[in-house]
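One letter stands for each residue in the lines below.
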Amino acid sequence: MDFNLKTYQRLKIKYYLKTVNFFFFFHGASLDSESWIKTEQILVKNKLKYYRVFNTLMIKTLNCSIFKNLTTLLHGPIILINSNDTKLISKKLKNINPLVNLLCLKLNNKIYSRKQIKNIKKLSYIENVSIFHKSMKTLIKMPYYKF
């Protein structure tokens, strides 16, 4: 078996996509080594697990997965960030370098964009479905008027 750095990186990306249910995609700028080290220190200090992937490898891996549509958003190095503590993760992510921008979120095999993340009230799937169900009940009860 040919086992080099690229195959290891590709296997690690596949591992993140298949097994990790909750993580963030961040679009990182091409940082020099000093600013990347500072960003790494902030991530480690906040106890966030991360993995930095370069553009071409990420695009090739995503083209062979169910997340093909995500490739149009990628234009530089990608940082995959996850944590066990989901309650404080949004506060921790604000402290990251301003050159690192949130791209999207993977939650239970679904990708949510930045705009969709703002509308999510809770990170539990069951609670979000119940909120949707309640809103549909109120919309159905509203009378229909012809103009």
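Note: the structure precedes this text.
Here's what I pulled together on the structure shown here. (Residues numbered from 1 in each chain as written. Predicted model: local features only at pLDDT ≥ 70, side-chain atom pairs only at ≥ 80, totals over all residues. Heavy atoms only, no water.)

## Description of helix α2 (residues 33-45)
An α-helical segment advances 3.6 residues per turn. Residues three or four places apart therefore align on the same side. Operational definition: Labels follow the DSSP assignment, with helices taken as runs of H or I lasting at least four residues and strands as runs of E lasting at least two, numbered in each case from the N terminus. Expected helix span is taken as 1.5 Å per residue step, with the number of steps being one fewer than the number of residues. When checking whether two residues touch, look at their non-hydrogen atoms; a contact exists if any pair is within 4.5 Å.
Here α2 spans 18 Å end to end across 13 residues, near enough to the 18 Å set by a 1.5 Å rise per residue. Buried residues in α2 make contact with β2 (49-53) and β3 (78-82).

## A look at helix α1 (residues 5-19)
Put simply, the rule reads: The cut-offs for exposure are 20% and 50% of the maximum accessible area for each residue type, with area from a 1.4 Å probe on protein chains only; residues under the lower value are buried, those over the upper are exposed, and the others partly exposed. The arc refers to the directions leading from the helix axis to the C-beta atoms.
Helix length check: α1, at 15 residues, gives a terminal C-alpha distance of 21 Å against a target of 21 Å (1.5 Å per residue), a fit within 8%. Listed in full, the buried residues belonging to α1 are Q9, I13, Y16 and L17. The buried side chains of α1 occupy one side of the element, clustering within an arc of 95 degrees when seen end-on. Packed against the buried residues of α1 are β1 (22-27), β2, α3 (55-63), β3 and β4 (101-107).

## Some words on the packing of aromatic side chains
Rule in force here: Note on ring pairs: Phe, Tyr and Trp rings are taken, using the six-membered ring of Trp, and paired if centres are within 6.5 Å. Classes follow the plane angle, with under 30 degrees stacked, over 60 edge-to-face and the rest tilted. Lysine NZ or arginine CZ positioned within 6 Å of the ring centre and within 35 degrees of the ring normal marks a charge as sitting over the ring.
All told, the structure shown has seven aromatic pairs when counted by the stated rule. Taking the centre distance of 5.5 Å and the plane angle of 80 degrees together, the rings of Y16 and F23 count as edge-to-face. Judged by its relative accessible area of 0%, F23 falls in the buried class. Relative to Y50, the ring of W36 has its centre 6.2 Å away and its plane inclined at 80 degrees; by these criteria the two rings are edge-to-face. Pair noted here: W36 is in helix α2 and Y50 is in strand β2, with a separation of 14 residues, a long-range link. For Y50, a relative accessible area of 25% puts it in the partly exposed group. Of note, R52 hangs over the ring of W36, and the distance from its end group to the ring centre comes to 4.4 Å.

## Examining the side chain of N82
Tracing the backbone shows N82 in strand β3. A relative accessible area of 11% means that N82 is categorised as buried. If near-sequence neighbours (up to four positions away) are discounted, N82 is found in contact with Y16, V20, F22, F23, L48 and K49.

## Side note on the nonpolar core
Note the threshold: By nonpolar core is meant a set of buried Ala, Val, Leu, Ile, Met, Phe, Trp, Tyr and Cys residues that side-chain atoms within 4.5 Å join together.
In terms of nonpolar packing, the biggest core is built from 18 residues, with F25, M58 and L80 touching the most fellow members. For this core, the secondary structure elements donating two or more residues are α1, β1, β2, α3, β3 and β4. Once residues lying within four places of it in the same chain are set aside, the contact partners of L80 are Y16, F23, F24, F25, K49, Y50, Y51, V53 and M58. Residues W36, L43, I79 and I96 belong to the second largest nonpolar core, which totals 13 residues.

## Thoughts on the pairing of β4
For the record, the criterion: Being paired, for any two strands, means DSSP has found at least two bridges between them.
With five of its seven residues buried, β4 lies for the most part within the structure. One ladder, built from six bridges, connects β1 with β4; its direction is antiparallel. For F25, the partnering residue across the bridge sits in β4 and is C104. Pairing analysis gives four bridges linking β4 to strand β5 (residues 110-113), with the strands arranged antiparallel. Within the sheet, the bridge partner assigned to K106 lies in β5 and is I111. Once β4 ends, the chain turns through two residues before running back antiparallel as β5, passing N108 with a positive phi of about 55 degrees.

## Things to note about the sheet that holds β5
The condition is simple: In this analysis an axis means a line fitted to C-alpha atoms, helices contributing only their contacting stretch, and an angle means the value between N-to-C directions, from 0 to 180 degrees.
Taken in spatial order, the five strands of this open sheet run β2-β3-β1-β4-β5, and their pairing is antiparallel. Each edge of the open sheet carries a strand with a single partner, namely β2 and β5. On average, each strand axis in the sheet is tilted by 25 degrees relative to the strand beside it, whichever way the strands run. Those strands touched by α2 are β2 and β3, and its axis lies near 150 degrees from that of β2.

Shape descriptors only; they carry no functional weight alone.
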